[in-house]
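Chain by chain, the residues run as shown.
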Amino acid sequence: SWYEWTAAIRYGKSFLSARMDVESDHVFLLGIRGGAEIGWQVVAFSEGLAGAALISGAGWESYRNCFKYSDTTPEMNDERFSWIAGVEAQSYAQYAKCPVLFLGATNDVEFCFDRARDTLARVNAEVPVYGDFTPNSTRGIDKTGCDNILSFFDAICDHRLPEKRA
C-alpha cells in the first residue's frame, strides 16, 4: 500500500542518517513514476531530507484522461474525494519540507503533465521548488534532465540553493 511504502522510505532515510559513514544532511530522495507519487508523501512528513528529485509523478491520478483545459471531468463521489485527500500527491505538496526538483516529459501519457505545475504551485513559498520538462517526449526525461538532477543535488550539498523562492 502507499502508506507502507512511505513508511519504508522514511525508515530508510532514518537508517541512512544514523550511519556514521553517511553525511545525514546529504540524504536525498529520487522517485520515478509511482516512486515520485509516494515521494510527495515522504517530503511532506520526513524531517531532515536534503532534497528530492521526483520524475513523472505529480498526482492527479483521479483526473487521468481528463485534461485540464477540456470539458471532460471525472465522476466524483465521497470515495474518490477521500482518495484524493488521503493518497494523491497534489494533496501533500503543500507540506513539502525540503527542496524539490520535479522532472517530466511533456507528452508522457503515464502522468498528468497538464496538472504537474498545479502540484508545484501548491508547495509552500518557503520551500525551493523547480521544474524541468523534456519537450516533445512521450517517456521519461532526457540527458539534460539527468544532468540537472546531479546539479540540483550538488547545489544542495554546496549550499548554493536559495533558502526560499523569490
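The rules behind these values
- Residues numbered from 1 in each chain as written.
- Predicted model: local features only at pLDDT ≥ 70, side-chain atom pairs only at ≥ 80, totals over all residues.
- Heavy atoms only, no water.
- Helix = DSSP H or I, 4+ residues; strand = E, 2+ residues; numbered from the N terminus.
- Rg over C-alpha atoms; globule rule 2.2 N^0.38 Å.
- Buried < 20%, exposed > 50% of the residue type's maximum accessible area, 1.4 Å probe, protein only.
- Contact = heavy atoms within 4.5 Å.
- Areas by Shrake-Rupley, 256 points an atom, 1.4 Å probe, with all protein chains shown as cover.
- Disulfide = S-S within 2.5 Å.
- Axes fitted to C-alpha atoms, helices over the stretch in contact; angles between N-to-C directions.
- Parallel < 35°, antiparallel > 145°, perpendicular 65-115°, else oblique.
- Left-handed = near helix turned anticlockwise from the far one by under 90°.
- Nonpolar A, V, L, I, M, F, W, Y, C, P; charged D, E, K, R; others polar.
- pLDDT = per-residue confidence, 0-100.
- Polar contact = N/O pair within 3.5 Å; in protein donor to acceptor, adjacent residues only side chain to side chain.

1. Remarks on the overall build of the protein chain
Check the secondary structure of the protein chain and you find 5 helices and 4 strands. Shown N-terminal to C-terminal, the secondary structure of the protein chain runs as helices and strands in the order α-β-α-β-α-β-α-β-α. Computed over the C-alpha atoms, the radius of gyration of the protein chain is 16 Å, within 12% of the 15 Å expected from 2.2 N^0.38 for a compact globule of 166 residues. Across its three principal directions, the C-alpha atoms of the protein chain cover 55 × 35 × 30 Å. The burial tally for the protein chain puts 43% of its 166 residues in the buried class. A fraction of 71% describes how many contacts in the protein chain between residues 6 or more apart in sequence connect residues 24 or more apart. As displayed, the protein chain has an accessible area near 9,400 Å², and 54% of this comes from carbon and sulfur atoms.

2. Examining the state of the cysteines
Summed over all chains, the structure comprises 0 disulfides. Between Cys 98, a cysteine without a disulfide, and Cys 157, which holds the nearest cysteine sulfur, the sulfur-to-sulfur distance is 13 Å. Cys 98 sits in the buried class, given a relative accessible area of 3%. Note on Cys 157: relative accessible area 22%, which makes it partly exposed.

3. Brief notes about unusual backbone geometry
Where the residue is not glycine, phi is negative for most of them; where a peptide bond is considered, it is trans in most cases. Of note, Trp 60 is a non-glycine position whose phi angle comes to about 65°, a positive value. For Asn 136, which is not a glycine, the phi torsion comes out positive at approximately 55°. Here Asn 136 shows up in the loop between strand S4 (129–134) and helix H5 (143–157). Here Asn 136 falls in the exposed class, since its relative accessible area comes to 69%.

4. Things to note about the packing of helix H1 (residues 2–18) against helix H2 (residues 34–45)
In contact at an axis separation of 9 Å, H1 and H2 are set at 60° when each is read in the N-to-C sense. Relative to H2, the element H1 lies oblique. As H1 packs across H2, the resulting crossing turns out to be right-handed. From H1, Trp 2, Trp 5, Thr 6, Ile 9 and Arg 10 reach across to H2, where they touch Gly 34, Glu 37, Ile 38, Gln 41, Val 42 and Phe 45. Of the residues that constitute the contact of H1 with H2, the class distribution is 6 nonpolar, 3 polar and 2 charged.

5. Some details on the confidence of the model for the protein chain
For the protein chain, the mean per-residue pLDDT works out to 89, and 98% of the residues sit at or above 70. When mean pLDDT is compared element by element in the protein chain, strand S2 (residues 51–55) scores highest at 96, while H1 scores lowest at 88.

6. Points about the side chain of Gln 90
With respect to the helices and strands, Gln 90 occurs in the loop between helix H3 (78–86) and strand S3 (100–105). You can call Gln 90 buried: its relative accessible area is 2%. Within the structure, the side chain of Gln 90 is placed 2.7 Å from the backbone nitrogen of Trp 60, a separation counted as a polar contact. Apart from residues no more than four positions distant in its own chain, Gln 90 is found in contact with Ala 58, Gly 59, Trp 60, Ile 84, Thr 119 and Arg 122.

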